[in-house]
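Given next are the chains, with one letter for each unit.
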Amino acid sequence: MKIDIDRLSAAELDALIRDAEGLRDRLKQKQIGDVRQRCAELAAAEGLSMAELFPELGTTRGVASAKRLPAKYRNPGDPTQTWSGRGTRPAWFKAALQAGKAEDELRV
């Protein structure tokens, strides 16, 4: 089926694009499912599980608490508040800098 896109209105083109993107996404998901199924069958034929082959699949990705970094800075006003030096600067750290403290003074 050939579509003469030159004769379509903007709304019809938008609908066509939306439908095509939806179809593309469904085809991609089917492809992923098919490959996963084939991998699982191959693993089972060898007496293995997918969890044995890909142990990282059972873990939660992107969770900061999974690997806690050591404290690099400590709040002098409240020693229980620490910061590893990664990510967004905590409010107490910003306030200390604005109050004239140097980063080195806040190091653990």
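Residues numbered from 1 in each chain as written. Predicted model: local features only at pLDDT ≥ 70, side-chain atom pairs only at ≥ 80, totals over all residues. Heavy atoms only, no water.

A. Layout of the packing of aromatic side chains. Scanning the entire structure with this criterion turns up four aromatic pairs. Relative to Trp-83, the ring of Tyr-73 lies with its centre 5.4 Å away and its plane at 25°, an arrangement referred to as stacked. Here Tyr-73, found in strand 1 (residues 73-74), pairs with Trp-83, found in strand 2 (residues 82-83); they are 10 residues apart in sequence, far enough to count as distant. The same class applies to Tyr-73 and to Trp-83, which are both buried. Joined through ring pairs, the aromatic side chains of Tyr-73, Trp-83, Trp-92 and Phe-93 make up one cluster. (Phe/Tyr/Trp six-rings, centres within 6.5 Å; stacked < 30°, edge-to-face > 60°. Helix = DSSP H or I, 4+ residues; strand = E, 2+ residues; numbered from the N terminus. Buried < 20%, exposed > 50% of the residue type's maximum accessible area, 1.4 Å probe, protein only.)

B. Here's a closer look at a nonpolar patch on the surface. A cluster of nonpolar side chains, Leu-48, Leu-53, Phe-54 and Leu-57, forms an exposed patch at the surface whose accessible area comes to about 350 Å². Structurally, the position occupied by Leu-48 is in the loop between helix 1 (10-45) and helix 2 (50-53). (Patch = residues over 30% accessible without salt bridge, like charges linked within 9 Å, V, L, I, M, F, W, Y side chains within 5 Å. Areas by Shrake-Rupley, 256 points an atom, 1.4 Å probe, with all protein chains shown as cover. Salt bridge = Lys/Arg side-chain N within 4 Å of Asp/Glu carboxyl O.)

C. Just the pattern of salt bridges, in detail. Counted according to the given criterion, the structure contains five salt bridges. Between Glu-103 and Arg-89 there is a salt bridge whose closest N-O contact spans 2.9 Å. Residue Glu-103 is found in the segment after helix 3 (91-98), and its partner Arg-89 is found in the loop between strand 2 and helix 3; the two are separated by 14 residues along the sequence. Its relative accessible area of 31% is what places Glu-103 among the partly exposed residues.

D. How the structure looks around helix 1. With 36 residues, helix 1 should cover 52 Å at 1.5 Å per step; its first-to-last C-alpha distance of 52 Å lies within 8% of that length. At the C-terminal side of helix 1, Gly-47 shows a positive phi close to 80°. (Expected span 1.5 Å × (residues − 1).)

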